[in-house]
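Each chain, letter by letter, is given below.
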Amino acid sequence: MTFYFSKGDFKESDVEDIAEEAVSVMADVRNHLKVKYTLEEAKETICYFDSTYRNKDGQKRSWCFWDEKKMYCISLDDFVHEYVHMISENNEDLVYHPSKLFSEGLAQYVSLNFYDGIATKQYTFFKEESVSKNSNASEHQIICNLLSDNGLAYNAKNYNKAFVAMLDKNHDVTKIDVNSDFYKYNIGQIFVDYCINQLGGLEKFISVYCDSMTIVDVYGMSVDELVINTCEYNTLLFYDKYNDNIKKIYYVE
């Protein structure tokens, strides 16, 4: 991969060290996912680190154009997420490009778990993603209470799970617009987490990612049914009066 750094965002003296770390981060992600992303496929891939980047809709957000072999990261924090898109969408085993629930969910899952079990070392420039606090102060406090009451660390991964649980408890998030960012990213993260950690592991999930038509054969459920189970399981984790029922209902071979 060739890296380009905005002079307005980075010191020239740091660029070489950041690029060296990025190469190591990429190796960690590839070794974790074990997808067939070859050196030949990786040739001429480019990543721009530039906080001024705007997508075609004028939004300030990072983006991966996997078919053009280009990534735009408005911050180093977004690099893992976008790189997951690059290698998973260019996986030689891919039969169909999956829905955003799968693709954004996987990128979120790896990004939010990267520094807690995937990264092989402590990085200087690539840091754990910070919590994006709920703008509603009362909802933020409820989320913090859910984390504290369940002995969970205050981090982006757990914060999102608690946020989804809170909304599901009060509003039924399975009725959320499937084209919304909340569905693709927030529910996507817990969906992938559930499939990997409760339904057979990463390799099994990647096989469905590559050929989503096999989902009923592999998991015995449709996507919609899996999303319902995912949200119910996640909500039960936080509202502990139901916790005794979790193993009975959801831990299946």
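Preceding this section is the structure that the text describes.
Throughout, a residue's number is its position along its own chain's written sequence, starting from 1. In keeping with the model being predicted, local features are shown solely for residues with a pLDDT of at least 70 and side-chain atom pairs are shown and tallied solely at 80 or more, while totals for entire chains, interfaces and linings include all residues. Heavy atoms throughout the structure, all of them, feed into the side-chain values; hydrogens and water do not.

**Examining the overall build of the protein**
Moving on, step 1. The helix count covers DSSP runs of H or I at least four residues long, the strand count covers runs of E at least two residues long, and both are numbered beginning at the N terminus. On a plain count of helices and strands, the protein comes out with 11 helices and four strands.
Moving on, step 2. The C-alpha radius of gyration of the protein comes to 19 Å, within 12% of the 18 Å expected for a compact globule of 253 residues.
Moving on, step 3. Over its C-alpha atoms, taken along the principal directions, the protein stretches across nearly 55 × 45 × 35 Å.
Moving on, step 4. In the structure as shown, the protein presents an accessible area of about 13400 Å², 47% of it carried by carbon and sulfur atoms.
Moving on, step 5. Residues counted as positive are Lys and Arg, residues counted as negative are Asp and Glu, and His and the chain ends are not counted. We put the charge of a Lys on NZ, of an Arg on CZ, of an Asp on CG and of a Glu on CD. Charged side chains in the protein number 25 positive and 41 negative. The centres of these two groups are separated by 2 Å. Throughout, radius of gyration means the C-alpha value; the globule benchmark is 2.2 Å times the number of residues raised to the power 0.38. All accessibility values rest on the Shrake-Rupley procedure with a 1.4 Å probe; residue burial counts only the protein chains present in the view.

**Some points on the pattern of salt bridges**
Moving on, step 1. Counted as salt bridges are all cases of a side-chain nitrogen of Lys or Arg within 4 Å of a carboxyl oxygen of Asp or Glu. As enumerated under the stated definition, the model contains seven salt bridges in all.
Moving on, step 2. The residue Asp57 makes a salt bridge to Lys56 at a minimum N-O spacing of 3.7 Å.
Moving on, step 3. A relative accessible area of 54% places Asp57 in the exposed class.
Moving on, step 4. Per-residue accessibility, obtained with a 1.4 Å probe over protein chains only, is compared with the maximum for each type, and a residue is labelled buried under 20%, exposed over 50%, and partly exposed between these values. By relative accessible area, which is 78% here, Lys56 ends up exposed.

**Points about helix H3 (residues 79–89)**
Moving on, step 1. Counted residue by residue, H3 has 11 buried out of 11 residues, so it is predominantly covered.
Moving on, step 2. Listed as buried for H3 are Phe79, Val80, His81, Glu82, Tyr83, Val84, His85, Met86, Ile87, Ser88 and Glu89.

**Focus on the pairing of strand S4 (residues 70–73)**
Moving on, step 1. The pairing of strand S2 (residues 46–49) with S4 spans four bridges and is classified as parallel. When the sheet's bridge partners are listed, Phe49 is paired in S4 with Cys73.
Moving on, step 2. One bridge is not enough; two strands pair if DSSP finds at least two bridges between them. Bridge count for strand S3 (residues 63–65) against S4 is three bridges, and the pairing is antiparallel. The partner of Phe65 across the bridge, within S4, is Lys70.
Moving on, step 3. Between S3 and S4, which pair antiparallel in sequence order, lie four residues; one of them, Lys69, sits at a positive phi of approximately 60 degrees.

**Section: helix H4 (residues 100–118)**
Moving on, step 1. Over its 19 residues, H4 extends only 23 Å from the first C-alpha to the last, a length that falls short of the 27 Å expected when each residue adds 1.5 Å.
Moving on, step 2. The angle separating two fitted axes, one through the seven residues that finish at a residue and one through the seven that start at it, defines the bend at that residue. Along its length, H4 shows its largest kink, about 45 degrees, at Leu112.
Moving on, step 3. Burial analysis of H4 places 15 of its 19 residues in the buried class, which makes it a mostly covered element. Take the residue count of a helix, subtract one, and multiply by 1.5 Å to get its expected span.

**Points about the packing of aromatic side chains**
Two measures describe an aromatic ring pair: the distance that separates the ring centres and the angle between the ring planes.
Moving on, step 1. Here the aromatic set is Phe, Tyr and Trp, taking the six-membered ring for Trp, and pairing holds for ring centres within 6.5 Å; pairs whose planes are under 30 degrees apart are stacked, those over 60 apart are edge-to-face, and all others are tilted. Summed over all chains, the structure comprises 22 aromatic pairs.
Moving on, step 2. A ring pair is formed by Phe102 and Phe191, whose centres lie 5.2 Å apart and whose planes are at 80 degrees; its orientation type is edge-to-face. Here Phe102, found in helix H4, pairs with Phe191, found in helix H7 (residues 181–198); they are 89 residues apart in sequence, far enough to count as distant.
Moving on, step 3. Taking 6.2 Å as the distance between ring centres and 25 degrees as the angle between the ring planes, the aromatic pair formed by Phe114 and Tyr123 counts as stacked.
Moving on, step 4. What links up through ring pairs into an aromatic cluster is the set Phe3, Phe5, Phe10, Tyr37, Phe49, Phe79, Tyr83 and Phe126.
Moving on, step 5. We count a charge as sitting over a ring when the NZ of a lysine or the CZ of an arginine lies within 6 Å of the ring centre and within 35 degrees of the ring normal. Positioned over the ring face of Tyr239 is Lys169, at 5.1 Å from the centre of the ring.

**Considerations on the layout of surface pockets**
Moving on, step 1. Only protein atoms enter the calculation, which uses a 1 Å grid: trapped sets of points that fit a 1.4 Å probe without letting it out are cavities, open sets showing protein on both sides within 12 Å along at least five of seven lines are pockets, and any residue with an atom within 4 Å of a point is a lining residue. Grid points are joined across faces, edges and corners, and a volume is the space filled by probe spheres set on the points. The calculated volume of the largest pocket comes to roughly 1000 Å³.
Moving on, step 2. Lining the largest pocket are 40 residues, with Arg61, His81, Glu104, Gln108 and Tyr185 sitting closest to its centre.
Moving on, step 3. Every element with two or more residues in the lining of the largest pocket is listed here: S3, H3, H4, helix H6 (156–171) and H7.
Moving on, step 4. It is H4 that contributes the most residues to the lining of the largest pocket, six residues altogether.
Moving on, step 5. Reported here for the second largest pocket is a volume of approximately 180 Å³.
Moving on, step 6. Lining of the second largest pocket is provided by Met1, Val23, Met26, Arg30, Tyr37, Thr38, Leu39, Ala42, Thr45 and Tyr83.
Moving on, step 7. Looking at the lining of the second largest pocket, the elements that each hand over two or more residues are helix H1 (12–33) and helix H2 (39–42).
Moving on, step 8. The biggest single contributor to the lining of the second largest pocket is H1, with three residues.
Moving on, step 9. Of the residues in the lining of the second largest pocket, the class split is seven nonpolar, two polar and one charged. When residue character is reported, Ala, Val, Leu, Ile, Met, Phe, Trp, Tyr, Cys and Pro are called nonpolar, Asp, Glu, Lys and Arg charged, and the others, Gly included, polar.

**A closer look at the side chain of Glu82**
Moving on, step 1. Residue placement: Glu82 occurs in helix H3.
Moving on, step 2. Nearest to the buried, unbridged Glu82 among oppositely charged side chains is Arg61, at 7.4 Å.

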